[in-house]
Amino acid sequence: MSGAPAPRVVLFDLLSALLDSWSLWDDIAGGEDPGRRWRFSYLEQTYAAGAYVPYVDLVADSAEAVGMPRAFALRLAARWDELAPWPGAGSVLRGLARDWPLGVVTNCSDELGHRAAALVGAPFRAVVTAESAGFYKPDARIYMAGAQAMGARPDEVLFVAGSPFDVVGADAAGMSVVWHNPLGIAADRARDVAVAVVDDLKGLPSLLA
């Protein structure tokens, strides 16, 4: 993070940066290839949505858009507590929490957002969802709601993104962004915008040191 001001708080994307939600989507879809088609359809629809609409409806729309049953969305909600943190996520964040207030900004409902955040095992001071903010990322207003919930200005926030859309959105909202990209997704614009790209959350403390 050379040249960037030291952050006062750290906000995280939840469903990609902290949790390996990809594996659950793949399992419900019947394999990695259909799972990724469904997930990228969801990302495209979610990041184009703007104002909040029911999350499960959006997930169902994205399944239908790639020729899959809408009922997959209900299966995802039913199996939500099977979401698993990326390796070391809980311990890394508990270590960071000794020096930085931590929070979450996530594109889902209040109920699912709080359930998912609890799976990480970290002391979050705020969990801001698309439902509570009224907007889906990358609308600047949900990032601003995250900063406000933490009592910080956007330029005092380091945002840890989990997708290229999120990198660009948080940057446009005035935040410094680290991209946690364990899947090695190719996205040149996001790589150019992020102050750092890591494939393992264990690299985050050294960036903040």
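One can find the structure itself at the top, above this paragraph.
Report on the accompanying structure. Here the structure is a predicted model, which is why all the values come from computation and not from measurement.

Turning our attention to the overall build of the protein chain. Scanning the protein chain for helices and strands turns up eleven helices and six strands. Its C-alpha atoms give the protein chain a radius of gyration of 16 Å, near enough to 17 Å, the size a compact globule of 209 residues would have. Each principal axis of the C-alpha distribution contributes one length, and for the protein chain these read about 45 × 30 × 30 Å. For the protein chain, the proportion of its 209 residues judged to be buried stands at 55%. Restricting the contact set of the protein chain to residue pairs at least 6 apart, pairs at least 24 apart contribute 60%. Roughly 8600 Å² of accessible area belongs to the protein chain as shown, and the carbon and sulfur atoms make up 50% of that amount. Taking the average place of the 17 positive charges on the side chains of the protein chain and the average place of its 25 negative ones, the gap between the two points comes to 4 Å.

What the six strands build is an open sheet, ordered E3-E2-E1-E4-E5-E6; its pairing is parallel. A single partner strand is all that each edge strand has here, and the edge strands are strand E3 (126-129) and strand E6 (196-198). Each adjacent strand pair in this sheet contributes to an overall mean axis angle of 20 degrees, direction not counted. Two elements, strand E5 (residues 176-180) and E6, share three bridges in a ladder whose sense is parallel.

Bringing the pattern of salt bridges into the picture now. On inspection of all chains with the given rule, the structure shows 15 salt bridges. Between Arg 115 and Asp 81 there is a salt bridge, and its shortest N-O distance comes to 3.1 Å. On the criterion of sequence distance, the pair formed by Arg 115 in helix H6 (residues 110-120) and Asp 81 in the loop between helix H4 (72-78) and helix H5 (89-96) is long-range, its members being 34 residues apart. On the basis of relative accessible area, Asp 81 is assigned to the partly exposed category, the value being 48%. The shortest N-O distance in the salt bridge between Glu 111 and Arg 115 comes to 3.0 Å. Taken together, the positions of Glu 111 and Arg 115, both in helix H6 and four residues apart, correspond to about one turn of that helix. What makes Glu 111 exposed here is its relative accessible area of 52%. The exposure class assigned to Arg 115 is partly exposed, which follows from its relative accessible area of 27%. The structure contains a network of salt bridges with shared partners spanning Arg 8, Arg 153, Asp 155 and Glu 156.

A separate point is the pairing of E5. Within E5, five of the five residues are buried, leaving the element largely enclosed by the surrounding structure. What you see with E5 is no split at all: Ser 176, Val 178 and His 180 on one side and Val 177 and Trp 179 on the other are buried throughout. Both strand E4 (residues 157-161) and E5 contribute to a ladder of four bridges, which runs parallel. Bridging across to E5, Val 160 finds its partner in Val 178. On the question of chirality, the crossover connecting E4 to the parallel E5 by way of helix H9 (residues 164-172) is right-handed.

Let us look at the packing of aromatic side chains. Scanning the model with the defined rule gives nine aromatic pairs in all. With a centroid separation of 5.9 Å and 85 degrees between ring planes, the pair formed by Tyr 42 and Tyr 55 is classed as edge-to-face. Here the residue Tyr 42 occupies a position in helix H2 (residues 32-49), and Tyr 55 occupies one in helix H3 (residues 55-65), the gap between them amounting to 13 residues. The pair formed by Tyr 42 and Tyr 55 is uniform in burial state, with each residue classed as buried. A connected cluster of aromatic rings, assembled from ring pairs, spans Trp 25, Trp 38, Tyr 42, Tyr 55, Phe 72 and Trp 80. Across from the ring centre of Trp 25, 4.9 Å away, lies the NZ or CZ of Arg 39, which sits over that ring. The ring of Phe 135 has Arg 141 lying over it, and the distance from NZ or CZ to the ring centre is 3.7 Å.

Before going further, it helps to spend a moment on the packing of H2 against H3. At a closest axis distance of 8 Å, the pairing of H2 and H3 adopts a crossing angle of 130 degrees. In terms of orientation, H2 and H3 fall into the oblique class. Considering only the axes of H2 and H3, their crossing is right-handed. Residues Trp 38, Ser 41, Tyr 42, Gln 45, Thr 46 and Ala 49 of H2 lie in contact with H3, whose contacting residues are Tyr 55, Leu 58, Val 59, Asp 61, Ser 62, Ala 63 and Ala 65.

Criteria and cut-off values
- Residues numbered from 1 in each chain as written.
- Predicted model: local features only at pLDDT ≥ 70, side-chain atom pairs only at ≥ 80, totals over all residues.
- Heavy atoms only, no water.
- Helix = DSSP H or I, 4+ residues; strand = E, 2+ residues; numbered from the N terminus.
- Rg over C-alpha atoms; globule rule 2.2 N^0.38 Å.
- Buried < 20%, exposed > 50% of the residue type's maximum accessible area, 1.4 Å probe, protein only.
- Contact = heavy atoms within 4.5 Å.
- Areas by Shrake-Rupley, 256 points an atom, 1.4 Å probe, with all protein chains shown as cover.
- Lys, Arg positive; Asp, Glu negative; His and termini not counted.
- Charge placed at Lys NZ, Arg CZ, Asp CG, Glu CD.
- Pairing = 2+ DSSP bridges.
- Axes fitted to C-alpha atoms, helices over the stretch in contact; angles between N-to-C directions.
- Salt bridge = Lys/Arg side-chain N within 4 Å of Asp/Glu carboxyl O.
- Right-handed = clockwise from strand over helix to strand, strands pointing away.
- Phe/Tyr/Trp six-rings, centres within 6.5 Å; stacked < 30°, edge-to-face > 60°.
- Lys NZ or Arg CZ within 6 Å of the ring centre and 35° of its normal.
- Parallel < 35°, antiparallel > 145°, perpendicular 65-115°, else oblique.
- Left-handed = near helix turned anticlockwise from the far one by under 90°.

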